[in-house]
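# Understanding the architecture of this molecule
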Amino acid sequence: MSAPSPTPAPTPAPFPASAPTAPSAFPASPRRLLSPLELGPFTVRNRLVMGSMHTGLEDRAEDVPRLAEFLAERARGGAGLIVTGGFSPDLSGRLTAHSRVFDGRLAERHRLVTRAVHEHDGRILLQILHAGRYAAHPLAVSASSTRAPISPIRARRMSRWGIGRLIRAYAATARRAREAGYDGVEIMGSEGYLLNQFAAPRTNRRRDAWGVDAAGRRALPLAVTAAVREALGADRLLSYRISLLDLVEEGQTWEETLDLAQGLIAAGADVLSTGIGWHEARVPTIATSVPRGAFVPVTARLRAAVDVPVVASNRVHDPALAEQVLARGEADLVSMARPFLADPELPNKLAAHRAREVVACIACNQSCLDRVFVGEGASCLVNPRAAHETTLRLVPVPAHRARRVAVVGGGPAGLEAAVAAASRGHHVTLFEASEELGGQFLLAARIPGKEDYAQALESWRARLLAAGVGVRLGVRARVEDLAGFDTVIVATGVRPREVELAPASAGGPVVVSYAQLLSGEATAGNRVAIIGAGGIGVDVAEFLTAPTPSFTLDVEAWRERWGIGDPAQHRGGLQPREKGGPAPTTAPSGREVHLLQRSTTRIGAGLGRTTGWVHRAELRHAGVRQHVGVEYLGLAPEGLRIREDGAETLLEVDTVVLCAGQESVRDLADELAALPDGPAVHVIGGAERAAQLDAQRAIRQAVEVAAAL
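Conventions we followed
- Residues numbered from 1 in each chain as written.
- Predicted model: local features only at pLDDT ≥ 70, side-chain atom pairs only at ≥ 80, totals over all residues.
- Heavy atoms only, no water.
- pLDDT = per-residue confidence, 0-100.
- Contact = heavy atoms within 4.5 Å.
- Buried < 20%, exposed > 50% of the residue type's maximum accessible area, 1.4 Å probe, protein only.
- Helix = DSSP H or I, 4+ residues; strand = E, 2+ residues; numbered from the N terminus.
- Pairing = 2+ DSSP bridges.
- Axes fitted to C-alpha atoms, helices over the stretch in contact; angles between N-to-C directions.
- UniProt positions renumbered as here; feature names shortened; annotations may be inferred.
- Polar contact = N/O pair within 3.5 Å; in protein donor to acceptor, adjacent residues only side chain to side chain.
- Parallel < 35°, antiparallel > 145°, perpendicular 65-115°, else oblique.
- Left-handed = near helix turned anticlockwise from the far one by under 90°.
- Nonpolar A, V, L, I, M, F, W, Y, C, P; charged D, E, K, R; others polar.

The name an unreviewed UniProt entry gives the protein chain is 2,4-dienoyl-CoA reductase, with Brachybacterium phenoliresistens as the organism.

What follows covers the confidence of the model for the protein chain. Of the residues in the protein chain, 94% reach a pLDDT of 70 or more, and the chain-wide mean stands at 92. The low-confidence segment residues 1–13 (pLDDT under 50) makes 28 contacts with residues lying over four places distant or belonging to another chain. Residue range residues 583–587 is modelled with pLDDT below 50. Its contacts to residues more than four positions away, or to other chains, number 14 contacts.

Another aspect to go through is the pairing of strand S16 (residues 487–490). Taking every second residue as pointing to the same face, both faces of S16 are buried, with Thr487 and Ile489 on one and Val488 and Val490 on the other. Inspection of the sheet shows strand S13 (residues 404–408) paired to S16 by four bridges, in the parallel sense. Counted as the bridge partner of Ala406 is Val488 from S16. Inspection of the sheet shows S16 paired to strand S27 (residues 680–683) by four bridges, in the parallel sense.

Attention now moves to the sheet that holds strand S18 (residues 510–513). In space, the five strands of this open sheet follow the order S18-S25-S19-S20-S21, with parallel pairing throughout. The sheet terminates laterally at S18 and strand S21 (625–627), the two strands that pair on one side only. Each neighbouring strand pair of the sheet contributes to a mean axis angle of 20°, computed without reference to strand direction. When strand S20 (residues 592–596) meets S21, the two strands line up parallel, connected through three bridges.

Feature annotation in UniProt places "domain: NADH:flavin oxidoreductase/NADH oxidase N-terminal" (unreviewed entry) on residues 33–356, given in this structure's numbering. Regarding residues 33–356, the helix share stands at 35% and the strand share at 16%, and the terminal C-alpha atoms are separated by 16 Å.

With that settled, consider the side chain of Glu191. Structurally, Glu191 can be placed in the loop between strand S8 (184–189) and helix H5 (194–199). For Glu191, the side chain forms a polar contact with the side chain of Ser190, separated by 2.7 Å. Those residues within four positions of Glu191 in sequence are excluded, and the remaining contacts are Tyr134, Asn196, Arg241, Gly275, Ile276, Gly277, Trp278 and His279.

Now for the packing of helix H14 (residues 412–423) against helix H22 (residues 695–708). Packing of H14 against H22 brings their axes to within 8 Å, and their N-to-C directions diverge by 25°. Classified by the interaxial angle, the pair formed by H14 and H22 is roughly parallel. In this structure, H14 meets H22 at a crossing whose hand is right-handed. Residue-level contacts link Pro412, Ala413, Glu416, Ala417, Ala420 and Ala421 of H14 to Ala698, Ile699, Ala702, Val703 and Ala706 of H22. Of the residues that constitute the contact of H14 with H22, the class distribution is ten nonpolar, no polar and one charged.

In structure tokens, the structure reads:
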């Protein structure tokens, strides 16, 4: 059964077209986003799709109860349609050797998952994903014998017999999903996984019926879709995740993508869910530096060409933008994956006119994708309960057990501790020494590409107000101010570590800390040396070299910078470019910036796996001069004296920015601990440990402490 034809969309503007990029005002009434939609054999209650995310809970049968609770919480929160993480149809398609095939035994356990979602009026699809040459085990197979640049394993070429067996495996998986109570399945045909590998000449070099030309390359996706449609029956939904922009050399053309889309519909797909970019693409697609709605125009182009509902994805995570996309007819639904990690109640909050309380996803990838790609379970930096719902609970306390809680410090750790403790029913007062809440997030929000951090702070402020937390700004809490509180949570954060530099005999460069620079207390000249090349040093280098407005706020300039072109003109939507980085279309910054570190490892080695390469590319593109194995000798009238590669060198700079780590600010905690009959004291975040300024650890500690009160 095919879905009814949606309302015809207007012809979209030529690609690339402008798209909203700056944080939007929250919609007063997201009418379209919250309206129901007939989708294949059933109606979904709103247009918000919780897109597929691999959390690690899919990999072990023992974790099915945790997976059920994780998904049930999103169904309770109002998600219109939920798509699970990917499950392989056979052994060769597993992402890792530890991943699970969706066999009969696992399907039986998954009745717990589907029941949990259906109890809250949710709809749920099982995603069927064959990893192809992205499989991290010796059984990896693909259309041709190739090795992905992000994998150490060379995949074997699938035989024709193996292809036939795989088609049957997809159909069998769909039947098991039906028996387990799923409302349908989603076939993963995007992100460079197996079916995408068959569709693109980059990875399909076959000379038989499953290759040769574009018709042969799309034969397997179409055959799989037809087999799954038959196995599911007419009363289940079939979604296909289709790649609109491969963003790799020898990817698909737009004509090939449209032919595939029409073929999928003819084969029985009820809905097309869009995907952007292969995992091996050297173009960021979901990092926080990607402009909001950057890929909406190409989604709109597909929407105008097909007569089934289309799902928009990739950086359409702001409710206001999602409402605009639907209002303009550029998509019929919007997929938000990581935003549902950040806030499982997102739809319900929108419906209750509490949009400002939505926990904002900052697209940092630190607790979700970065963890998954190193074999760890996913969670969320701003919501550490994500995927830990059964173990990290915020249970309301009876009124007679409510405590008076003081939280000292209004950075991320203190903000989250105050909100979490108040949500349980405790009486919370938050003390902040400055006149503004936010701490290190205030500085982060000034970094080009991290503008979303400002929206996260707005969410915390709104939730403090809703939870009834008393906020005292401009008050540096003293021991006597905390008399009468039962519990004190010290979240006083960090201060920049000072670096002793031998002074110049006369004059010399101005020396400032990163905090002084990013807060606006100090400015930098045209020739700058940055001491310390960790995450903050890299951020400061980007801050000093980025244009105004930043590329994140100028979508057309961002596309040009990364070489994204019209897929009707360039295969895969990728313009010809130099190997190893973005297209050299923007002149380096007028500033001369030197980034220095003592270690001999490459700069940026400790950054996240999914975003570190983006930062390194930005540094190269901006012409930042990188120095490793540096010894700092002192200041000179003309600049900074260093020793590099055994030779003394003078960097002629007018400003030195210190990014050499942080020190805990915990004087208050030590004073409280010395009291004989003082309140219970908990030290969290940077005040407890300053190493690497770990917001993920700090916010998790805040929730854990609040949960234990």
